Amino acid sequence: MRKVTLEQVFTHPITQKYLKRSGIAHAVAVAEYAYIFAKRFDIDSDHATKAGLLHDVGHYTWYRDGEWDYDLYKENDIHAIKGASRAHKLLIRIGEDRHVAKKIAVAILLHTDSYLPKGELKLEPLQQVVTLADEADEETGGNHHYKEISETSALERIRALDKQINMEIKAESEKIV
Ligand SMILES: [Fe+2]
Ligand SMILES: [Fe+2]
């Protein structure tokens, strides 16, 4: 049984505040890709979509002369570290299971290779799913952070994911009975 829905995570003011910086359209797209990859890897789609949605909540912008500087950002980036911590705090606050919150936070921590030794880390399936989902929506020069989406459309897509996940959980529980 899910303790927290994706909609509850998405509509929380803290999520909205931070996702507006890194792009709501990107967050929603990554949650959707995470759902698809979760099926492929046969992992929990509830955890994957939440991690996908929240993966960039640690973002901040790096400006040079009023323009966002992608090189400066790359050089000084710790958004995954900040994101893991913010996501964990938020999930616990809204009543998520502690084990689930930790798993999601670690997947967020490892979703980028900007500070990690490439190829030396063996990612677990959830961590791989979040990384792949993020890459699937990536555009050159960080443009994926600037895609637009209406509030209504974002919420509809989040609700559609919730519906799918709830249906799966229901089907699973009926199988067990
Ligand atoms: Fe990221
Ligand atoms: Fe991202």
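All values reported here derive from a predicted model rather than from experimental measurement.

Q: Summarise the overall build of the protein chain; cite the residues concerned and give the values.
A: Within the protein chain one finds nine helices and two strands. Secondary structure of the protein chain in N-to-C order comes out as α-α-α-α-β-β-α-α-α-α-α. For 177 residues, the compact-globule estimate of 2.2 N^0.38 gives 16 Å, and the C-alpha radius of gyration of the protein chain, at 16 Å, lies within 12% of that figure. In terms of overall dimensions, the protein chain has a C-alpha envelope of 60 × 40 × 30 Å along the principal axes.

Q: An account of the nonpolar core is needed here, citing residue identities and associated values.
A: By size, the foremost hydrophobic cluster in this structure holds 39 residues, and its most contacted members are Ala34 and Ile108. Listing elements by their share of this core, those giving two or more residues are α1 (6-11), α2 (13-22), α3 (24-41), α4 (45-54), α6 (79-93), α7 (98-109), α8 (125-136) and α9 (151-176). Considering each element in turn, this core owes the most residues, eleven residues, to α3. Discounting residues that sit within four places of it in the chain, Ile108 has contacts with Ala51, Leu54, His55, Ala80, Gly83, Ala84, Ala87 and Val130.

Q: Account for the packing of α4 against α7, naming residues and giving values.
A: At a minimum axis separation of 9 Å, α4 and α7 run at an interaxial angle of 50 degrees. When the interaxial angle is binned, α4 and α7 end up oblique. Where α4 crosses over α7, the two elements pack in a sense that is right-handed. Of the residues in α7, those in contact with His47, Lys50, Ala51 and Leu54 of α4 are Val100, Lys103, Ile104, Ala107 and Ile108. Of the residues that constitute the contact of α4 with α7, the class distribution is six nonpolar, one polar and two charged.

Q: Break down the environment of Trp62 for me, citing the residues and quoting the values.
A: In this fold, Trp62 is placed in the loop between α4 and β1 (63-64). According to the C-beta neighbour criterion, Trp62 is partly exposed, with 15 such atoms within 10 Å. Measuring from C-alpha to C-alpha, the distance between Trp62 and Thr49 comes to 27 Å, with 13 residues separating the pair along the chain. Beyond its immediate sequence surroundings of up to four residues, Trp62 is in contact with Trp68, Asp69, Leu72, Tyr73 and Asn76.

Q: Run through the packing of α6 against α7, naming residues and quoting values.
A: Running from N to C, α6 and α7 point in directions that differ by 165 degrees, and their axes come no closer than 8 Å. By the criterion of interaxial angle, the relationship of α6 to α7 is roughly antiparallel. Crossing of α6 over α7 shows right-handed handedness. Here Ala80, Ile81, Gly83, Ala84, Ala87, His88, Leu91 and Ile92 of α6 come into contact with α7, specifically with Arg98, Ala101, Lys102, Ile104, Ala105, Val106, Ile108 and Leu109. Across the contact of α6 with α7, the residue classes tally to twelve nonpolar, two polar and two charged.

Q: Outline unusual backbone geometry, listing residues and values.
A: Unusually for a residue other than glycine, Asp42 sits at a positive phi of about 55 degrees. What makes Asp42 exposed here is the crowd of 8 C-beta atoms within 10 Å.

Q: Outline α3, listing residues and values.
A: Taking 1.5 Å of rise per residue, the 18 residues of α3 would be expected to cover 26 Å, and the 25 Å separating its terminal C-alpha atoms lies within 8% of that figure. Immediately downstream of α3, the backbone of Asp42 shows phi near 55 degrees, a positive value.

Q: Account for α4, with residues named and values stated.
A: Counting buried positions over the ten residues of α4 gives ten, a clear majority of the element. Along α4, the positions that sit buried rather than exposed are Ser45, Asp46, His47, Ala48, Thr49, Lys50, Ala51, Gly52, Leu53 and Leu54.

Q: Go over the environment of Ser22 with me, naming the residues and quoting the values.
A: Along the chain, Ser22 falls in helix α2. Residue classification places Ser22 among the buried positions, given that 21 C-beta atoms sit within 10 Å. Taking the C-alpha atoms as reference points, Ser22 and Leu123, 101 residues apart in sequence, are found 24 Å from one another. If we ignore the near neighbours within four places in the chain, the residues touching Ser22 are Ala27, Asp56, His59 and His145.

Cut-off values and rules
Residues numbered from 1 in each chain as written. Chains lettered and ligands numbered in written order. Predicted model: local features only at pLDDT ≥ 70, side-chain atom pairs only at ≥ 80, totals over all residues. Helix = DSSP H or I, 4+ residues; strand = E, 2+ residues; numbered from the N terminus. Rg over C-alpha atoms; globule rule 2.2 N^0.38 Å. Core = buried A, V, L, I, M, F, W, Y, C linked by C-beta atoms within 7 Å. Buried ≥ 20, exposed ≤ 12 C-beta atoms within 10 Å, placed from the backbone. Contact = placed C-beta atoms within 7 Å. Axes fitted to C-alpha atoms, helices over the stretch in contact; angles between N-to-C directions. Parallel < 35°, antiparallel > 145°, perpendicular 65-115°, else oblique. Left-handed = near helix turned anticlockwise from the far one by under 90°. Nonpolar A, V, L, I, M, F, W, Y, C, P; charged D, E, K, R; others polar. Expected span 1.5 Å × (residues − 1).

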